[in-house]
Each structure stands twice: as structure tokens, then as C-alpha cells.
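Descriptive analysis of the structure
Next come the chains, spelled out residue by residue.
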Amino acid sequence: MKAAHLGIFFAAALVQNAVGAEIPLIDSVKSSGTLSIASGLDYAPFEFVDPNGQPAGLDVDLANAAAKLISAKLDIQRIPFASQIPSLAAGRVKVAWATFTVKEDRLRQVDFVTFLQSGTVAMVLPDKRDSISGAHSLCGMRVAVQTGSAADFTADKLSESCTKSNLPKIEKLIYPEQKDTIQAVLTGRADARFDDSTAAGYYEQTSKGKLVVAPGVYDILPLGVAVQKGDKATAEMMQAIFQQLIANGEYKAILDKYGMSLAAVEKSRIITSVNEIAE
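In this report, we go over the structure that sits alongside the text. (Residues numbered from 1 in each chain as written. Predicted model: local features only at pLDDT ≥ 70, side-chain atom pairs only at ≥ 80, totals over all residues. Heavy atoms only, no water.)

**Side note on the packing of aromatic side chains**
One pass over the structure, following the stated rule, counts seven aromatic pairs. Consider the rings of Phe-81 and Phe-100, whose centres lie 5.3 Å apart with planes at 25°: the pair is stacked. On the criterion of sequence distance, the pair formed by Phe-81 in helix α4 (residues 81-89) and Phe-100 in strand β6 (residues 95-101) is long-range, its members being 19 residues apart. When sorted by exposure, Phe-81 lands in the same class as Phe-100, which is buried. Between Phe-100 and Phe-112 the ring centres are 6.0 Å apart and the planes differ by 55°, which places this aromatic pair in the tilted class. (Phe/Tyr/Trp six-rings, centres within 6.5 Å; stacked < 30°, edge-to-face > 60°. Helix = DSSP H or I, 4+ residues; strand = E, 2+ residues; numbered from the N terminus. Buried < 20%, exposed > 50% of the residue type's maximum accessible area, 1.4 Å probe, protein only.)

Written out as C-alpha cells, the structure reads:
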């Protein structure tokens, strides 16, 4: 599927040469003066379109800060989440900025540069929260997930645990976007939805409790941007950018703005294989 190119560029202020020297820019950034990233712009609070039609969210704020840091313009190519890894493999983009959960199956296709950590949680209607006391209390429930997301795989893992304990499996309902999983629960088509704990907490806050986070966090893993498998140069550039933003305080300010301080990391890491996930 061809991505709709937003054609939105953000001016970047000049930075000290000493700062730029610490960040090894890839050739395409050097030659074009542009940092081009893929974003779905459909997953608040990470990336979305604000009421004025402009890209917004934690990931977008970090990407703007990254572009400013390296004196580049930010070019956002709108590519659906499920198409971003194939787009990297095809060489259409260098960085997929979608707050990917680092998972074994994804590491067979791409490498990651981490900048957050999180886990999967269940969201339910407020009157259902007390009925959830752990993973096995989800057995037999209809659970909505976004296709290809970490929650999709967590649902499979928990469902397998249910059947091993002679309990009914989880009925997984797959939807193309997170907003569809929310509507599924609100309208009674699903009993719960799985989502990243950071995004779920943000939705509970901004929706004033239409859905609430149930007890239990599953599969705590690092989160990161994705780069083409073996693209060491882009990975090292992004790691240096994240580390500089952590050091200069911009990272903390952006996370605090979105209530994400609990997901913060002290060090960005490049992860290329499954044995590096837990390091």
C-alpha cells in the first residue's frame, strides 16, 4: 500500500557543532538535511493528528526534538503500523517511529533502538474492573487487539496458558486500529481490550475513565523505533540522538508532558537479537 506523504516539514534550529559531532549522521540525512520517518499517526498519545490537522504526540515531539538536535527538517511519511516493517525492508524509509515493542518475531525482520519500556494490560468498562484479578481471569473472555501489535501476541500467549490450565481459551478479536478495539469494548462486542500500558493509562486519563486499566501487566519489554535489519549506521545515529535527548533533559520534559515518566529509560540500546532483549 502506498503511503500518503504528508508533505509537512518542521524547521530545525542550528545546534552547536560540538553536539552534532557526537551524532554520526547517515548519508541521506547529510545530503538532504532531512530526517525522514514513518508514522501511522493513529495511536494516541504516541502519534496522532491534532484538531488543527497537525501531527502530534509523544513520538512526534521526540522526532521534532531529534530533527532540531541534528539541524535537520522532519519529514513524516504516513504509513499504517502493519506496513511499516515491510516499508523498512523495501528501503522506502530509514526509521519507523511507532513505539514498537521489541519482540522475537520482529527481530527476524528489523533491528530496534530503544527509548521506552512497557508491558501489555487489559482495559475494561469500570464496572468490570473488579472481576479481573490476573491472567487466568481473562480466560474465556472476548479480547480485542490491534493486528500485528504486541497485544496480539500477548493474547495468544495468555490463551495458551488458559488451555494448559484446562480453562477456556481467550476469544481474540482482531481489529486494524486501536480505536476499533476501544469501540469494541464500549459497544459490548468485546469484554476487554489489550494495549500497551502507557497508551492504556493515557486513554483512561483523557477519556475520564470510560475504560479503565485492569490489574496485571504482562510481557514487560523494551520499546523502540525500528530500522532496517543490519542498518548499523541508522541504528547508531538514532541511539546517539536518544542519548543526547536524555542527557539534555528534553526527553524527560516530553515524557512528563504525556504522563509517561514511569516508562522512561536511562540509556537507549540497539537490539538486534532476542538474547539482547533482557540485558
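**Let's talk about the pairing of strand β2 (residues 34-39)**
The buried fraction of β2 amounts to five of the six residues, a majority that puts the element mostly inside the structure. Inspection of the sheet shows β2 paired to β6 by two bridges, in the parallel sense. Counterpart to Ala-38 in the pairing with β6 is Ala-96. (Pairing = 2+ DSSP bridges.)

**Considering the side chain of Asp-152**
By secondary structure assignment, the location of Asp-152 is in helix α6 (residues 150-164). Of the residues examined, Asp-152 reaches a relative accessible area of 8% and is grouped as buried. In terms of polar contacts, Asp-152 uses its side chain to reach the backbone amide nitrogen of Gly-148, at 3.1 Å. Of the polar contacts made by the side chain of Asp-152, one reaches the side chain of Lys-172; its length is 2.6 Å. (Polar contact = N/O pair within 3.5 Å; in protein donor to acceptor, adjacent residues only side chain to side chain.)

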